Each structure stands twice: as C-alpha cells, then as structure tokens.
Amino acid sequence: EGVLYLERVRRILTEMDEADRLVGSGAGAVPRGRLRVSASVAFGECCILPLAPEFLALYPQVELDISLTDAVVDLVDDRTDIAIRIGALRDSSLKARKLLETRRVIIAAPEYIERHGLPRVPQDLATHNCLRFNFRRTLDEWPFRDPQTGAAFTVAVAGNAHGNNGVILRHLALSGLGLARLGSFHVADDIAAGRLVAILEDYNPGDIELIHAVYVGHEQLALRVRAFIDFIADRIGKS
C-alpha cells in the first residue's frame, strides 16, 4: 500500500509542477515559487551562497531552497529543480549547462611549509601530512605528470585527517595541519591573498573538471529555473 501511495503522490506532484510551469510561462510572467537548488558544499559556500541575496533581490517572488551536499542527489526523487555537479555527468536524461571549468591544485598554508618544508617533487609527499576525502579510496593516490616526459603517474599519500567535503579540508589546510588537493575555484582567493600556497605546480596533471547546472528537461521550463541558471552562469562567468 505504501509503494502504491508513493507512486500516486509522485504523479500528483509532477502534475502540479507541470501546471506551475505552464501558468508561470505566459507573457508578462515573472519567476516565482519555490526553487530547490542542490550543490556541493564547497561550490555552494564559495559560489552560491554569496550570490543568493542578489538573486532574491532581482526575483523577490522566488523562494530559494538551498541544500549543500557532496552526495549525488536524484532530482526527481528529491524534488530538486537544479543540481550543480562537478565532473563527468552520468545521467544522460538530464539537461545540462556548463558553468565553469576548473582544475585541482595541491595547497598548503605558509605556516605548514615553514615547519615541514616545501615538497620539491611528488615523491616528497611520503614525509608530509596529506589531508584526504573519506568517501573514495582512489583519492588516497594523487595524480601527477612528469614535466620532462609528459608521462602520467600517481603517488600514494597518507595523513591523520579526513573530511567528506572540500570545506573541511580547506579549513584544515588553512590551520596549517597539512596539504590538500582541492578545486582551484575553492582556493583561488586564498592563494591570491597568501593564506595558501600552490605547490608542485610543475607536476600538476592539468586535469580539467567541468561544473554544470543540471535539471530535468521539460517542454515548458519554469521561469524560476531558467532565471537562476542564467543568473549563476552570468555571475560566475564574470568572476
């Protein structure tokens, strides 16, 4: 009975969303209604939250509902309008718009480098405290590229602290605890201000990650969804 009830409720909610899109897309209509946005913790903290007041000032009839998680949400099951995803897109049934290209960079606080020295080659990481994500064992190896031959290789890393998102690892790195490998969009301001230092850049593999806004494609896309994607793409593109 519960399964049947859930399926019926989902159909009703889908029909309500469709009615809302049709009503809100007429001539002279303005974006309105609840807009559910999901993003990774790091991207949300540095790119979504600072822009939220401006977006809501432009579209006061929109009710912005933000969830930050590094888990991949199901847009339909979680009733999410837009998800910001970093890396390869797995679900081809979703529509996507590219927002940004970024790469990863290894960083450390000046205090850490002063106490423990600067790694000159990737193999030096064996004697350094490397802060890592706790949800993928593959991230216990960091990728590099030989600047002379161009050959790709990995180096196993270890450390005494883990985190499930980039915000945690950034704060730990800023405290001088160790090295971290994070998206450049997340630490660019820290590097520019001297709070963090990019290291082993000659060996950086230069792997580019794409950041997309993904959404369920409908014949009539809700104005609030289109307005938010256009707004974020415009502001991030100017940053």
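Our subject is the structure that appears above.
Computed from a prediction, not measured in an experiment: that's the story for all the values here.

Draft legend 1. How the structure looks around the overall build of the protein. Helix and strand counts for the protein come out as seven helices and eleven strands. For the protein, the proportion of its 239 residues judged to be buried stands at 39%. Of the contacts made within the protein by residues no fewer than 6 positions apart, 77% connect residues no fewer than 24 positions apart.

Draft legend 2. The packing of helix α5 (residues 166-174) against helix α6 (residues 184-193), seen in detail. In contact at an axis separation of 11 Å, α5 and α6 are set at 20° when each is read in the N-to-C sense. With respect to their mutual orientation, α5 and α6 come out roughly parallel. As for how α5 packs across α6, the hand of that crossing is right-handed. Across the interface between the two elements, G166, V167, R170 and L174 from α5 touch H186, V187 and D190 from α6. Considering only residue class, the contact of α5 with α6 consists of three nonpolar, two polar and two charged.

Draft legend 3. Quick peek at the pattern of salt bridges. Per the stated rule, a full pass over the model turns up eleven salt bridges. A salt bridge links D65 to R34; its shortest N-O distance comes to 3.7 Å. One end of the pair, D65, is in strand β2 (residues 62-68); the other, R34, is in strand β1 (residues 33-39), with 31 residues separating them in the sequence. A relative accessible area of 36% means that R34 is categorised as partly exposed. In this structure, D190 and R170 form a salt bridge, with 2.7 Å as the shortest nitrogen-oxygen distance.

Draft legend 4. Geometry of the environment of D74. Turning to its location among the elements, D74 is positioned in the loop between β2 and β3 (82-86). On the basis of relative accessibility, which here comes to 40%, the residue D74 falls in the partly exposed class. Of the polar contacts made by the side chain of D74, one reaches the backbone nitrogen of D77; its length is 2.9 Å.

Draft legend 5. Structural context of the packing of aromatic side chains. One pass over the structure, following the stated rule, counts five aromatic pairs. Here the aromatic rings of F55 and Y59 are separated by 5.1 Å at their centres, their planes lie at 50°, and the arrangement is tilted. On the basis of an interplanar angle of 55° and a centroid distance of 5.4 Å, the ring pair of F55 and F231 is categorised as tilted. Residue F55 is located in helix α3 (residues 52-58), and its partner F231 is located in helix α7 (residues 223-238); the two are separated by 176 residues in the primary sequence. Across the pair, exposure class does not vary: F55 and F231 are buried alike. Grouped by ring-pair contacts, the aromatic residues F55, Y59, F228 and F231 constitute a single cluster.

Draft legend 6. Region of the structure containing the pairing of β1. Bridge count for β1 against β2 is seven bridges, and the pairing is parallel. Looking at β2, one finds that L35 is bridged to L64. The sheet contact formed by β1 and β3 spans two bridges and is parallel. Residue pairing for β3: V37 is matched across the bridge by I82.

Draft legend 7. Inspection of the side chain of T102 at higher detail. Structurally, the position occupied by T102 is in strand β4 (residues 94-108). In terms of polar contacts, T102 uses its side chain to reach the side chain of S184, at 2.9 Å. Within the structure, the side chain of T102 is placed 3.4 Å from the backbone nitrogen of F185, a separation counted as a polar contact. Ignoring sequence-local partners within four residues, the contact set of T102 consists of G183, S184, F185, D207, I208, E209 and I211.

Reading the values: the criteria
- Numbering of residues starts from 1 in each chain and follows the order in which that chain's sequence is written.
- With the structure being a predicted model, the display of local features is reserved for residues of pLDDT at least 70 and the display and counting of side-chain atom pairs for 80 or more, all residues being used for whole-chain, interface and lining totals.
- With hydrogens and water stripped out, all remaining heavy atoms of the structure feed into the side-chain values.
- Each helix corresponds to a stretch of at least 4 residues labelled H or I by DSSP, and each strand to a stretch of at least 2 residues labelled E; elements are numbered beginning at the N terminus.
- Under the scheme applied here, a residue whose accessible area is under 20% of the maximum for its type counts as buried, over 50% as exposed, and between as partly exposed, the area being computed with a 1.4 Å probe on protein chains only.
- By definition, residues are in contact when any of their heavy atoms lie within 4.5 Å.
- Fitted lines through C-alpha atoms serve as axes, helices being fitted only where they are in contact, and the angles separating the N-to-C directions of these axes extend from 0 to 180 degrees.
- Angles below 35 degrees are treated as roughly parallel, those above 145 as roughly antiparallel, those between 65 and 115 as roughly perpendicular, and all remaining angles as oblique.
- Crossings are sorted by hand: turned counterclockwise from the far helix by less than a right angle, the near helix makes the crossing left-handed, and turned clockwise it makes it right-handed.
- Note on residue categories: nonpolar means Ala, Val, Leu, Ile, Met, Phe, Trp, Tyr, Cys or Pro, charged means Asp, Glu, Lys or Arg, and polar means any other residue, Gly included.
- By definition, a salt bridge exists where a carboxyl oxygen of Asp or Glu is found within 4 Å of a side-chain nitrogen of Lys or Arg.
- Counted as a polar contact is a pair of N or O atoms within 3.5 Å, where, for protein atoms, one must be capable of donating a hydrogen and the other of accepting one, and residues adjacent in sequence contribute only when both atoms are in side chains.
- Any Phe, Tyr or Trp ring, taking Trp's six-membered ring, that has another such ring centre within 6.5 Å forms a pair; planes under 30 degrees apart are called stacked, those over 60 apart edge-to-face, and the others tilted.
- Pairing between strands is defined by DSSP: at least two bridges between the two strands are required.

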